[in-house]
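Chain by chain, the residues run as shown.
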Amino acid sequence: MADIVTRFAPSPTGFMHIGNLRTALYSYLVSKSQGGKFILRIEDTDQVRLVEGAVDVILDTLKVTGIEYDGEPYIQSERLDIYKEYAQKLIDSGNAYYCFCTPERLESLKNDKGIGGYDGHCRNLPPDEIAKNLAEGKPYVIRQKMPDTGTTSYDDVVYGKVEIDNSELRDQIMIKADGFPTYNFCHVVDDYLMGVTHVVRGNEYLTSTPKYCLLYDAFGWERPTYVHLPLLMGKDENGNISKLAKRHGAVSFQDLVRDGYLPEAIVNYIALLGWCPKNTNQEFFTMDELKTEFSIEGLSKSPAVFDYEKLKWFNSEYIKKMPVDQYQQKALPVLDELCADYINKTKLAELLHTRISYFGEIPEQIQFVTTRPPMSTDLYTNKKNKTTPEICREILTEVLPLLESAEDWSNDTLFAVLKEYAVSHGKKAGAVMWAVRIAIGRQAVTPGGATELMEVFGKGESIERLKLAISELV
Ligand code: GLU
């Protein structure tokens, strides 16, 4: 088989929808799993939709996710002459024609719902009329001449046979009045010229692809293999699913990263949204492993539902596996911004390492550090440790002077002080730890135990919290 060439052909819209990223990933994997080439093509011919900086977003996303394209990216707006040349070829062969219809005329073809296609008015203009119009400089578009009988079909790798009656096909515009080509035309020319063997893209193009096949046929080119991917869906509040959109949660790669998701976790998760490895239940994949394991046969046509909880789970596993220095590098800036100077941020980060599912969760998780939550003395009651508010009051009152005179405020020393107190005063260690942890943390569940929290808070704040707790227990 000839070498595989796939491509990612994003329109620069300013952000990378997670569905687009998955398309890029699958396209990359279709090629790389077979030792092929993967190219990047920026589809920026729709001048109205251009967004500044959008190309950088695309390049940056691919870089961060490790989706590496071969060679330099192609930029469609730099290739306008090529599209004109190929449009001319189709005019010459009778597969395309000049259309001089005015916008007003086209408007009049629409019904009251604003729907209505082109009626083929200029399909058979006499050559001298065309020449005259061109000489007069009349604005024109170039349209593809569709056959009006028969059917066109192709075999999609994921969806199987797709067939359409040619009578349903409108003579679509190839070159617009401003000289820019439409996506419908120029992507076909480019895919051919760039040697693309497998077109991997979202299934919104599934039913327009017969039109593209007709272009290949008109040029006498071999059609590529089509691999259309099911849409990414989100779950609505009522349990229904619909196209993944903002109301479901963050939908761009940038937003997910901003929320504190790791690129590798995002890639791993979306790799499994519509593809299933054969012969393995493996869930964690590096990009290299994906390149080896991926195969087109594992693609599914059922709509894939983006599950934010599942992504969180993947991400928490990736965070746990992060080397400590890398993890600290990401966690510390967040803690630095939120916490007072006396907080031991490195220790706090350590406590959070196995407890956060994404970095954006940190502010909520450490609210009990950045503020003193209102105390409910019920928290001191604990069955297992046999504590009550009264018992805790006694413990706290007795440990306070011991802690005040502690020379070193490390977890180990603090632990030793409390342990020794428990032994010498005939108290259960669990009860002592419970009382102190609640007094310091002021909430039922905390990352870390009593002495770890005291180490995080430092001596000053810890003693203050203990005193406050005692006063609340009166
Ligand atoms: N520019 C198109 C898009 O972003 C590309 C579709 C394709 O891959 O052919 O939807």
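Residues numbered from 1 in each chain as written. Predicted model: local features only at pLDDT ≥ 70, side-chain atom pairs only at ≥ 80, totals over all residues. Heavy atoms only, no water.

Engineer: Kindly report on the pattern of salt bridges, identifying the contributing residues and their values.
Structural biologist: Inspection of every chain in the model, using the stated rule, returns 25 salt bridges. Here K132 makes a salt bridge to E136, at a shortest N to O gap of 3.6 Å. When salt bridges that share partners are traced, they join R7, R41, E43, R79, D190 and D191 into one network. (Salt bridge = Lys/Arg side-chain N within 4 Å of Asp/Glu carboxyl O.)

Engineer: Before we move on, can you summarise the site of the ligand with the specific residues and values?
Structural biologist: Within the structure, the ligand sits among R7, A9, P10, S11, E43, Y183, R201 and Y205. Take R201: an N or O atom from its side chain is 3.0 Å from an oxygen atom of the ligand. Of the residues in the shell around the ligand, the class split is 4 nonpolar, 1 polar and 3 charged. (Near = heavy atom within 4 Å. Polar contact = N/O pair within 3.5 Å; in protein donor to acceptor, adjacent residues only side chain to side chain. Nonpolar A, V, L, I, M, F, W, Y, C, P; charged D, E, K, R; others polar.)

Engineer: Give me the pairing of strand β6 (residues 151-156): which residues, what numbers.
Structural biologist: Residues T152, Y154 and D156 point to one face of β6 and are all buried, whereas T151, S153 and D155, pointing to the other face, are not buried. One ladder, built from 6 bridges, connects β6 with strand β7 (residues 160-165); its direction is antiparallel. Its bridge partner being in β7, S153 is matched across the sheet by E163. The turn linking β6 back onto β7 is made up of 3 residues. (Buried < 20%, exposed > 50% of the residue type's maximum accessible area, 1.4 Å probe, protein only. Helix = DSSP H or I, 4+ residues; strand = E, 2+ residues; numbered from the N terminus. Pairing = 2+ DSSP bridges.)

Engineer: I'd like to hear about helix α1 (residues 18-32), residue by residue, with values.
Structural biologist: The terminal C-alpha atoms of α1 lie 21 Å apart, and with 15 residues this matches the ideal 21 Å at 1.5 Å per residue to within 8%. The buried fraction of α1 amounts to 13 of the 15 residues, a majority that puts the element mostly inside the structure. (Expected span 1.5 Å × (residues − 1).)

Engineer: Could you give me a rundown of the nonpolar core, with the residues and numbers involved?
Structural biologist: Formed by 141 residues in total, the largest nonpolar core has its most connected members in F185, F306, L396, L403 and V436. When neighbours within four sequence positions are excluded, V436 is seen to be in contact with L396, V399, L418, A450, M454 and L466. (Core = buried A, V, L, I, M, F, W, Y, C linked by side-chain atoms within 4.5 Å. Contact = heavy atoms within 4.5 Å.)

Engineer: Give me the lowdown on the sheet that holds strand β2 (residues 37-42), citing residues and values where you can.
Structural biologist: The strand order across the open sheet built from 3 strands is β1-β2-β3, with neighbouring strands paired in parallel fashion. Because the sheet does not close on itself, it has two edges, and the strands there are β1 (5-8) and β3 (74-75). Where α1 meets the sheet, it contacts β1 and β2, and its direction lies at approximately 165° from that of β1. (Axes fitted to C-alpha atoms, helices over the stretch in contact; angles between N-to-C directions.)

Engineer: Please provide a residue-by-residue account of the state of the cysteines, values included.
Structural biologist: Counted under the stated rule, the structure contains 0 disulfides. Of the cysteine sulfurs around C99, a residue in no disulfide, the closest is that of C101, at 3.8 Å. For C99, a relative accessible area of 2% translates into the label buried. (Disulfide = S-S within 2.5 Å.)

Engineer: Report on the packing of aromatic side chains, specifying residues and quantitative values.
Structural biologist: Counted by the stated rule, this structure contains 25 aromatic pairs. Taken together, a centroid distance of 3.8 Å and an interplanar angle of 5° make the contact between Y192 and W221 stacked. With a gap of 29 residues between them, Y192 in helix α6 (residues 183-193) and W221 in the loop between α7 (209-219) and β10 (225-229) connect regions that are remote in the sequence. By relative accessible area, which is 37% here, Y192 ends up partly exposed. Taken together, a centroid distance of 5.8 Å and an interplanar angle of 45° make the contact between Y269 and F314 tilted. Taken as a pair, Y269 in helix α9 (residues 263-271) and F314 in helix α11 (residues 308-321) lie far apart in primary sequence, 45 residues in all. We note that Y269, like F314, is buried. (Phe/Tyr/Trp six-rings, centres within 6.5 Å; stacked < 30°, edge-to-face > 60°.)

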